[in-house]
Every structure is written in C-alpha cells, then in structure tokens.
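Coordinate inspection notes
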Amino acid sequence: MSIPPILFGGGALVTQEPSRPTVRTLIRNGQKTETAWRFELTEDAWFDLVECLRDDPAVLLGLWCDGKAVHAFFNDGVPGGEVGLRPLMASLVLDGPRYRGFSAIRHRAAPFERMIRDLWGVEAMDAADTRPLVDRGAWTVTAPLSERPVPTSGMTDMPEFAAPDPVVAAQGMVFSRGPASGGSEGPVHFRLGVANERVRTVEALTGFAHRGMEARMAGVSLTEAAALSGRIHVGASVAHQWAFSAAVEQAMGTTIAPMIGHIRAMLCEIERIHTHLTSLARTADAAGAEMLATRLYKARDILSRVCQAAIGRRLLLDCVVPGGVTLAISGYEQLPEDVVLDGLRTLCEEIAVFGTGDFLDIQALWQATGVVTSGLVGEGVVPRSLADALVLGGAIGRSCGRGADLRQSMEAYSGVRIRTPVAIEGDAAARCRIRFEDIAESLRMIAAFGAMFSPDDEAERPSFLVPLKIPQERCEGYAAVEGPDGLICHVVILQAGRVERTFIAEPAGVLQGVQETALPGSSPSKFDAVRCSFGVSVAAVDL
C-alpha cells in the first residue's frame, strides 16, 4: 500500500496526493514495438488507462481488434484534438475473450466495441452498449473473424428491441421504419415510440449492409485495398482513398510532391460539395419541398457533368491511389501533364461558374422555403456537451459550436485560406445551414487551387503518379483526412508488399448513435427530414 508523502511546514502536517499520470505517459511507459507510436500495455496498465480517461483530454479516435490484441488509437497532438494529428496507439494482447472497455467513460468507443464483439467474439467489459451492431442472426457462424467461429442455424429471428417506454406503452404507439424503404438511403430499421405527438424513443438496428470491408482488405495487394477503401462510403470515396493512400505512403516513407497534395485536396472539396448537396436534397425531399429537392439533385448532376467534361470522370472514384493520382491515365493511354493541368484548371473554373450562378439561386430558394428553415428549427438538437464528448466533426459538430477542422493543419491545404463555418444551435436547421456555408467555402478553395495549377508557377512539374518502393519487411502507417462528416482515419499494416491489416475510423458509426440520442423530442411528421439532416451513410456504419 502506497502512502502519500507528508510535507512539514506552517505547524501543520499536509499530505500531498500523488499526481495521476496522463494517458500519454501511461501509453508511452508500455513496451515499445517496431512502430514508434505503438506500445503494448499489460492488463493492469490497460485498466489504469481506462480509469485515466475519466478526466484526461486525450482524444480517442478508434478501437479495433485483430484477434490477438485490442488496439486503442489516440491523438497525441494538440489537447482536444482540434487541429493536427500525432498518433499514439495502445495495444493489449488478449488473454481470453474479454477486455476492459472504454465506452462507459468514452461513449465514442461504443460502435467500435460492438463491431469487435460481432466480428471477433471479444467482449468489452463494462460496455455502455451491448447491442449487436452488424450481426443480425442471419450468419452461418458467430464471430466469423475469430480463430474458432461457432456455427449457427443461420435463421433470422424477429428483431430484438428494448422494452417500450412506459409512457408510450400506456398512451402512445410504436412505429417501424425500414429496413427496406424503397428509397436511395441504405437499409436501417428504426423503431419509434410516439406519445403526445412527439417521438419519445428511437432505436436503430443496423448491419443489413455489412460487407466485411476490413476483412476483405486484409491480405490483398495495395491496388485492391485502395479500390476497396473507395467503396466504404459513397459520399467520402476520395477522403477514404486519400487517407488509405497517405497511410501507405507514410508506412513506406514515401514523400508526395506538394502539387499532388493540392490535387487531392481539390478533389476532396468537390466530393464535399457533392455529398452536402445530396444530404440537403434528401432533407428537402423528406420535408415535402419537392421543387427544392429537384433543384439540389440537378445541381449535383451538373457538378458530375462538369467533372466528366473537364477530366473525363463523372465520379471521382479511384482518382487517388498510393503514390499520387490517376488523372493522367485514360484507359491504356498516358496523358501529357499539360493536358491534365489544363483539365484541372478548366474544372476549377467551371465549378466557380456554378458557385456564382446555380448555387446562389438554390441557396436563396432554400431560405425562402419555410418547411426547411423555420420548420426544422429546434428539431433534432445535439447539445454541445454531447458533441464535445463524442469529438464530433463535420456539419454535425460545427452546428453545435465545435470548430474542429483537420484541414487547418494539413500540408495539402497550405496556401489556401480556410474559414470553418460554425453555428451554436445544434438543430436540423443549423446543420443544413452549415452545409450550405461549407459548400461556399469549398467553392472558394477550389478557385484558389485552380490558380495553383498554372504552368507559370511550376518550374519543374512532378509526376502525377510516382513508383513506390514496396518494402518486404513489416511496417505500419497512419493518415487522417477531413471528410464531409468529420475525421476519417486509416491505420495500415504492410507485410511482404501486401496489406496485412487495415483499421478504419469512420464517423458514421458515432453519428448513428447521435441520431438515436437527438431524434427523441422531434415531431413524428418531421422525423425523416430531421434524420436526413444528419446525412449518415448506413453502409459506412455497417462497413
């Protein structure tokens, strides 16, 4: 038993409590690995780490499992994780199918713990949420990624929901939405408890779109893994492929030319506009503003046609790969760099025209449409305290007053002034307003990038795609990108020139839980519109 030291002075005995170590100190005191930013902890040290998280500002980015160990990924950079990323990973070698969970203290860990339990059969003790995330009882085995999966009948039982709220049970009704809706959104099953003309409870069942992305990316070539990373989230394909490619480049020690970084950033901003337009269109459609939704969908199509005309690609899928970008490749033909740069400048100019014409008209129409402005005020409020606790980014976090924006510290955005829009209301109307302001900022940044693609500024043009020196020894890399919905992070482990394992931190899983918290209290008639204002990709939740 340790006794705190006694200090003598002033005629009194004063005891001084020993200072509690920080998360950074606890992790760095662990056993070093071949990777400078990853440390192995003992079970006691892992327990101390969990306890330390109660009052430590360290930002938990993700929690993963590989069957042998559980890995917790933190930001070791600026306190609060607002700007910059310096990775710090704690690994716990498993001694059985259980480990001390984080979600009781850091609720952001909940979707990661649920995924680990479903896929690996490794359970988080003291977990805040023990519901299945992707295992809906239809698989032929449980814990399919574990060493010894347990066979099941494969029969799907009726969905298991929590007991109805007492008020709903006494004087309300229960409604179900999904999982098959007939719309363009992914399959998710909502059960709503409604009483006194308000939604009192919301519970979501996911997993219907699970594709096993992390398992499919294991053991494949870099080309195959890069292609799969672009299929994680249709609204963040560029962001995911950029994060994966940058993680591979970091693992190999490969440096990409600044121009390539600017091109990747420009493509990511185009994708941000496309994704925000989609979310706004679905919100307007759900709110009953059909003409407004049509204009937004048309604007999205205009953006795609501009991309097709300028760079030969309607979709930006597979534009970013390890080593650079593929814009100079058209079929089997290698395009001259001057042609590609001309196409990029034309693309930026055409998008600028869209920003000064159609976009302003649509924004004015939105502001004049009451069902999506005043009709969404006060609906689906996300409090700032919850946003801080879950480290929310993107439009949802910024609508609650959080100005977190990784672009502020990314080298690819150097030379471009970034003004991150922020609101404080936290409701559906604020989320939509932030999306419009985000689009305006992206349009301004794309115009700035277009000026960088001038041949006068390039004395020596770099290659758009540099050959990679693929190491045969084991190496690990990381990267993070500011996607449309917040921070997207990839941790990549390479072995013998192939991808041994990829860990993915995608904000959709956390945002799905935010929906369940924020939707109670909204009007049943506005439920779909409020839900669409979050813009959650169900496929990205299910991975």
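Since we're looking at a predicted model, the values are computed, not measured.

Looking now at the packing of aromatic side chains. In this structure the tally under the stated criterion is 13 aromatic pairs. Consider the rings of Trp46 and Phe102, whose centres lie 5.2 Å apart with planes at 25°: the pair is stacked. Note that Trp46 is positioned in helix α2 (residues 43-52) and Phe102 in the loop between β8 (98-100) and α3 (110-120), a separation of 56 residues in sequence. In this pair, the class of Trp46 matches that of Phe102, namely buried. Between Phe74 and Phe102, the aromatic rings sit 6.4 Å apart at their centres with planes inclined by 40°, giving tilted as the arrangement. Remark: Phe102 occurs in the loop between β8 and α3 and Phe74 occurs in strand β6 (residues 69-75); sequence separation between them is 28 residues. For the pair Phe74 and Phe102, a shared accessibility class is recorded, and that class is buried. An aromatic cluster of at least three residues, connected via ring pairs, comprises Trp37, Trp64, Phe73, Phe112, Tyr478 and Phe503. Between the NZ or CZ atom of Arg431 and the centre of the ring of Phe534, over which it lies, the distance is 3.9 Å.

Now for the sheet that holds strand β5 (residues 59-65). One open sheet holds the five strands; their spatial order is β3-β4-β7-β6-β5, and the pairing between them is mixed. Edge positions in the sheet fall to β3 (31-32) and β5, since each of these pairs with one other strand and no more. Pairing geometry for β5 and β6, over six bridges, is antiparallel. The residue of β6 that forms the bridge with Leu60 is Phe74. Most of the contacts of α2 go to strand β7 (residues 87-93), to which it runs at about 130°, and overall it touches β4 (38-41), β5, β6 and β7.

Here we take up the packing of helix α9 (residues 290-311) against helix α10 (residues 337-356). Contact pair α9 / α10: the axes reach a minimum separation of 8 Å and the direction vectors enclose 160°. It follows that α9 is roughly antiparallel to α10 by the angle criterion. As for the relative orientation of α9 and α10, their crossing is right-handed in sense. Residues Ala299, Ile302, Leu303, Val306, Cys307, Ala310 and Ile311 of α9 lie in contact with α10, whose contacting residues are Gly343, Leu344, Thr346, Leu347, Glu350, Ile351 and Phe354. Residue composition of the contact of α9 with α10, grouped by class: eleven nonpolar, two polar and one charged.

As a further point, take empty space enclosed by the protein. For the coordinates displayed, the defined rule picks out three cavities of 30 Å³ or more. Reported here for the second largest cavity is a volume of approximately 60 Å³. Looking at the second largest cavity, the residues that line it are Glu113, Arg114, Arg117, Glu123, Ala124, Ala127, Asp129, Thr130 and Arg131. Of all the elements in the fold, those that place two or more residues in the lining of the second largest cavity are α3 and β9 (123-125). Ranked by residues supplied to the lining of the second largest cavity, first place goes to α3 with three residues.

Attention now moves to the packing of helix α8 (residues 258-287) against helix α14 (residues 428-452). At a minimum axis distance of 9 Å, the contact between α8 and α14 shows a crossing angle of 155°. Between α8 and α14, the interaxial angle falls into the category roughly antiparallel. Our pair here, α8 against α14, has a crossing hand that is left-handed. Split by residue class, the contact of α8 with α14 holds 15 nonpolar, five polar and four charged.

A few words on the sheet that holds strand β19 (residues 475-483). Strand order across the open sheet formed by three strands is β19-β20-β21, with antiparallel pairing between neighbours. Each having just a single partner strand, β19 and β21 (498-505) make up the two edges of the open sheet. Across the sheet, the mean angle separating the axes of adjacent strands is 20° when strand polarity is ignored. Pairing analysis gives seven bridges linking strand β20 (residues 486-495) to β21, with the strands arranged antiparallel. Each residue of the ladder has a partner; that of Ile493, found in β21, is Arg501.

This paragraph deals with a negative patch on the surface. Taken together, the side chains of Glu43, Asp44, Asp48 and Asp95 define an acidic patch exposed on the protein surface. Structurally, the position occupied by Asp44 is in helix α2. Taking the relative accessible area as the measure of exposure, Asp44 reaches 61% and is therefore exposed.

Looking now at the domain arrangement of the protein. For the protein, the assigned domains read domain 1 (23-134) and domain 2 (213-536). Look at where the C-alpha atoms of domain 1 and domain 2 centre, and you get two points 27 Å apart. Contacts between domain 1 and domain 2 engage 23 residues on the former and 26 residues on the latter. Between domain 1 and domain 2, a total of about 2,100 Å² is buried, with carbon and sulfur atoms accounting for 64% of that surface. Our count for the contact surface shared by domain 1 and domain 2 stands at three salt bridges. For Arg38, the salt bridge is made with Glu476, and the minimal N-O distance between the two is 3.3 Å. For the pair domain 1 and domain 2, the number of links is six residue pairs in polar contact (both at pLDDT 80 or more). The greatest single-element share of the side of domain 1 that touches domain 2, amounting to four residues, is contributed by β5. Residues belonging to the side of domain 1 that touches domain 2 are distributed by class as follows: 13 nonpolar, four polar and six charged.

Taken as a whole, the largest pocket holds about 870 Å³ of empty space. Lining the largest pocket are 38 residues; nearest its centre among them are His233, Val234, Gly235, Thr278 and Arg282. Looking at the lining of the largest pocket, the elements with two or more residues in it are α7 (237-252), α8, α9, α15 (508-518), α16 (527-534) and α17 (538-542). Ranked by the residues each element gives to the lining of the largest pocket, the list is headed by α8, at seven residues. Looking at the lining of the largest pocket residue by residue, the classes come out as 15 nonpolar, 15 polar and eight charged. Within this model, the second largest pocket holds a volume of roughly 620 Å³.

The rules behind each value
Residues numbered from 1 in each chain as written. Predicted model: local features only at pLDDT ≥ 70, side-chain atom pairs only at ≥ 80, totals over all residues. Heavy atoms only, no water. Phe/Tyr/Trp six-rings, centres within 6.5 Å; stacked < 30°, edge-to-face > 60°. Helix = DSSP H or I, 4+ residues; strand = E, 2+ residues; numbered from the N terminus. Buried < 20%, exposed > 50% of the residue type's maximum accessible area, 1.4 Å probe, protein only. Lys NZ or Arg CZ within 6 Å of the ring centre and 35° of its normal. Pairing = 2+ DSSP bridges. Contact = heavy atoms within 4.5 Å. Axes fitted to C-alpha atoms, helices over the stretch in contact; angles between N-to-C directions. Parallel < 35°, antiparallel > 145°, perpendicular 65-115°, else oblique. Left-handed = near helix turned anticlockwise from the far one by under 90°. Nonpolar A, V, L, I, M, F, W, Y, C, P; charged D, E, K, R; others polar. 1 Å grid on protein atoms, 1.4 Å probe; cavity = no way out; pocket = protein on both sides within 12 Å on 5 of 7 lines; lining within 4 Å. Points joined across faces, edges and corners; volume = space filled by probe spheres on them. Patch = residues over 30% accessible without salt bridge, like charges linked within 9 Å, V, L, I, M, F, W, Y side chains within 5 Å. Areas by Shrake-Rupley, 256 points an atom, 1.4 Å probe, with all protein chains shown as cover. Salt bridge = Lys/Arg side-chain N within 4 Å of Asp/Glu carboxyl O. Lys, Arg positive; Asp, Glu negative; His and termini not counted. Charge placed at Lys NZ, Arg CZ, Asp CG, Glu CD. Domains from an automatic or database assignment. Buried area = accessible area lost by both parts, 1.4 Å probe. Polar contact = N/O pair within 3.5 Å; in protein donor to acceptor, adjacent residues only side chain to side chain.

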